[in-house]
Amino acid sequence: MRKYLMAVIQMDTRDNKDANLKAACDFIDEAASKGAKFVSFPEVFNVIDEGQEAPELVPEGRTISLMAEKARRHHLWIHCGSIAEVNPEGDRKFNTTAVLNPQGEMVAKYRKLHTFDITLPDGSVAEESARIKPGREMVTVGTEMGCLGLSICYDIRFPELYRYLALHGAQILFAPANFRMATGKDHWEALLRARAIENTCYVVAAGQYGKKHGTSDSFGNSMIVDPWGTVVARASEGAGIAVGEIDLEYLDKVRAHLPSLKNRRADVYDTVRK
């Protein structure tokens, strides 16, 4: 499918998994009613509970199984943002996304590579690596909706990941997030548009919104950015949905007029690496 509607879901996820999953299902119903053929959720969309949420199996666990049921019911694709995944080899969980086809089958799984370990401008410290084990694989998957490249939140600050994805065929880059207000207000849109422009890809970025645990404001501002760097869909404040068009014919035209991926000096880069 060369042209279709993508829905980004902006959620205000809290510590009640039942309520969060009901909200997610309602958003899928709404997206389908608006003609969306692909739905994308934010990071940790099923529960946020001060880092203590119980991890699930992927795809066998409750959350992904429920998303698969909705995919089959509406015959659409679902990018499952991210959830905490069971790590059979240790206490630290994985932060994992899954992509489901309209038959409810998982066609790709990605574990967040970069953990958020920083001291923020307000002095607060984030140490995601204390509870999240980083993944070790970069993931693209070819589908009838285009070639998808997967990432999660803090990954967006590492352009080498997205260049790798683009060079391995990615046309649509997913960046589900729970960006904090302190950094999001200055960096979120700039980073998303940069990743779109430099790789001539669509960027689909569903985000969390609202104050979590009474301490951390999530920035929201979920959006879809086209390969020219134009924001083609943006969520308003609060939990909600934004729908924008993915047009792979337009992507081909941008790449033909501005062939930066083809113009790379791979011969020089490879020599330097050696």
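Presented here is an overview of the structure given in this document. Predicted model, so just to flag it, every value in this text is computed and none were measured.

Taken in spatial order, the six strands of this open sheet run 9-10-11-12-15-16, and their pairing is mixed. The strands lining the two open edges of the sheet, one partner per strand, are strand 9 (140-143) and strand 16 (231-234). Sheet twist, expressed as the average angle between the axes of neighbouring strands with direction ignored, equals 20°.

Okay, the pattern of salt bridges next. Scanning the entire structure with this criterion turns up 21 salt bridges. Lys212 serves as the salt-bridge partner of Asp12, at 2.9 Å between the closest nitrogen and oxygen. Of this pair, Asp12 sits in the loop between strand 1 (3-10) and helix 1 (17-33) while Lys212 sits in strand 13 (residues 209-212); the two residues are 200 residues apart in sequence, bridging distant segments of the chain. By relative accessible area, Asp12 is classed as partly exposed at 28%. Residue Lys212 is classed as buried on the basis of its relative accessible area of 2%. The partner of Asp186 in a salt bridge is Lys185, with the nearest N and O atoms 3.0 Å apart. For Lys185, a relative accessible area of 52% gives the class exposed. It is possible to trace a salt-bridge network through shared partners that takes in Arg2, Glu249 and Asp252.

The next subject is the packing of aromatic side chains. Given two aromatic rings, one states the distance between the centres and the angle between the planes to describe the pair. All chains considered together, the criterion is met by seven aromatic pairs. Relative to Phe174, the ring of Phe38 lies with its centre 5.5 Å away and its plane at 40°, an arrangement referred to as tilted. Taken as a pair, Phe38 in strand 2 (residues 38-40) and Phe174 in strand 11 (residues 172-174) lie far apart in primary sequence, 136 residues in all. Residue class for Phe38 comes out buried when judged on its relative accessible area of 0%. On the basis of relative accessible area, Phe174 is assigned to the buried category, the value being 0%. Note on Phe116 and Tyr154: the rings are 5.1 Å apart at their centroids and 75° apart in plane angle, and the pair reads as edge-to-face. Residue Phe116 is located in the loop between strand 6 (106-111) and strand 7 (117-119), and its partner Tyr154 is located in the loop between strand 10 (146-150) and helix 3 (159-167); the two are separated by 38 residues in the primary sequence. In this structure, Phe116 and Tyr154 share a single accessibility class: buried. The structure contains a cluster of three or more aromatic residues connected by ring pairs, namely Tyr4, Phe38, Trp77 and Phe174. It is Arg111 that lies over the ring of Phe94; its NZ or CZ is 3.9 Å from the centre.

The next point concerns helix 1. End to end, helix 1 covers 24 Å across 17 residues, agreeing with the expected 24 Å (1.5 Å per residue, within 8%). Taken as a whole, helix 1 has its buried residues at Lys17, Asn20, Leu21, Ala24, Cys25, Phe27, Ile28 and Ala31. All buried residues of helix 1 project into a common sector of 155° when viewed along the axis, lining one side. Projecting away from the buried face of helix 1 at angles above 90 degrees are the exposed residues Asp18, Lys22 and Ser33. Buried positions along helix 1 lie against strand 1, strand 2, helix 2 (62-74), strand 3 (77-79) and strand 17 (240-247). Two or three places before Asp18, at the start of helix 1, stands the capping residue Asn16, its side-chain oxygen 3.1 Å from that residue's backbone nitrogen.

Bringing the pairing of strand 6 into the picture now. Residues in a regular strand project their side chains so that they alternate between the two faces of the sheet. Note: strand 5 (residues 94-100) against strand 6, five bridges, orientation antiparallel. Bridge assignment links Thr97 to a residue of strand 6, and that residue is Tyr110. Here strand 5 folds back onto strand 6, and the loop between the two strands holds five residues, one of which, Gly104, carries a positive phi near 80°.

Assignment of secondary structure puts Asp155 in the loop between strand 10 and helix 3. Residue Asp155 is classed as buried on the basis of its relative accessible area, which comes to 0%. Looking at Asp155, its side chain comes within polar contact range of the side chain of Tyr110, at 2.6 Å.

The next point concerns the packing of helix 1 against helix 2. The packing of two helices is summarised by the inter-axis angle and the distance between the axes. Axis separation between helix 1 and helix 2 bottoms out at 11 Å; the angle between their running directions is 20°. In terms of axis orientation, helix 1 runs roughly parallel to helix 2. The interaxial crossing formed by helix 1 with helix 2 has right-handed handedness. Every residue of helix 2 that contacts helix 1 at Lys17, Asp18, Leu21, Ala24, Cys25, Ile28, Asp29 and Ala32 is listed here: Arg62, Thr63, Leu66, Met67, Lys70 and His74. Considering only residue class, the contact of helix 1 with helix 2 consists of seven nonpolar, two polar and five charged.

So, how was this worked out
Residues numbered from 1 in each chain as written. Predicted model: local features only at pLDDT ≥ 70, side-chain atom pairs only at ≥ 80, totals over all residues. Heavy atoms only, no water. Pairing = 2+ DSSP bridges. Helix = DSSP H or I, 4+ residues; strand = E, 2+ residues; numbered from the N terminus. Axes fitted to C-alpha atoms, helices over the stretch in contact; angles between N-to-C directions. Salt bridge = Lys/Arg side-chain N within 4 Å of Asp/Glu carboxyl O. Buried < 20%, exposed > 50% of the residue type's maximum accessible area, 1.4 Å probe, protein only. Phe/Tyr/Trp six-rings, centres within 6.5 Å; stacked < 30°, edge-to-face > 60°. Lys NZ or Arg CZ within 6 Å of the ring centre and 35° of its normal. Expected span 1.5 Å × (residues − 1). Arc of directions from axis to C-beta. Contact = heavy atoms within 4.5 Å. Polar contact = N/O pair within 3.5 Å; in protein donor to acceptor, adjacent residues only side chain to side chain. Parallel < 35°, antiparallel > 145°, perpendicular 65-115°, else oblique. Left-handed = near helix turned anticlockwise from the far one by under 90°. Nonpolar A, V, L, I, M, F, W, Y, C, P; charged D, E, K, R; others polar.

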